[in-house]
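Understanding the architecture of this molecule
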Amino acid sequence: MSKFSDKREHARYNLSASALMSTFSDVPLEVEDISAGGFRVVVPKEPHGHEAGRFSIHLPNLHLGEFLGRVAWAFENPTRPPSWTIGVSMDVHGGDASRLREELLAATNTVD
């Protein structure tokens, strides 16, 4: 079992996406392994605990909106300059979670 799949509750989507996360970077970051519950991303600044903040997610032709989230887990990568891979848990509930799942699924179905 992958170290990233231990606590998965949501379907994953294979999409090209970026996130604006001013807590960690002044430029958009490439999102990996996105779901309606969160995503994985590599950041250039060390996260501190379960740091929370606002961020926005962008697909090639769609801005999914601004969300509140927190760092669920993190580990330092063996890179120079240093980087950290973090799992971001999004605070999305009810109708917003349903809308996000629908948007991700629709975007997946339009990818060539």
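So, here's what we can say about the structure.

Here we take up the pairing of strand 8 (residues 83-90). Counting buried residues along strand 8, seven of its eight residues qualify, which places the element largely inside the surrounding structure. With six bridges joining them, strand 5 (residues 38-43) and strand 8 adopt antiparallel strand pairing. Counted as the bridge partner of R40 is G87 from strand 8. The pairing of strand 7 (residues 62-77) with strand 8 spans eight bridges and is classified as antiparallel. Paired with W73 across the bridge in strand 8 is G87. Taken together, strand 7 and the strand that follows it, strand 8, pair antiparallel across an intervening segment of five residues.

Another point: the nonpolar core. One finds M21, F39 and I86 to be the most contacted residues of the largest nonpolar core, which totals 28 residues. Elements supplying a minimum of two residues to this core: strand 2 (17-20), strand 3 (29-32), strand 5, strand 6 (52-59), strand 7, strand 8 and helix 1 (94-110). If sequence neighbours within four positions are ignored, M21 has contacts with L29, F39, V41, F55, I86 and V88.

Quick notes on the rules
- Residues numbered from 1 in each chain as written.
- Predicted model: local features only at pLDDT ≥ 70, side-chain atom pairs only at ≥ 80, totals over all residues.
- Heavy atoms only, no water.
- Buried < 20%, exposed > 50% of the residue type's maximum accessible area, 1.4 Å probe, protein only.
- Helix = DSSP H or I, 4+ residues; strand = E, 2+ residues; numbered from the N terminus.
- Pairing = 2+ DSSP bridges.
- Core = buried A, V, L, I, M, F, W, Y, C linked by side-chain atoms within 4.5 Å.
- Contact = heavy atoms within 4.5 Å.

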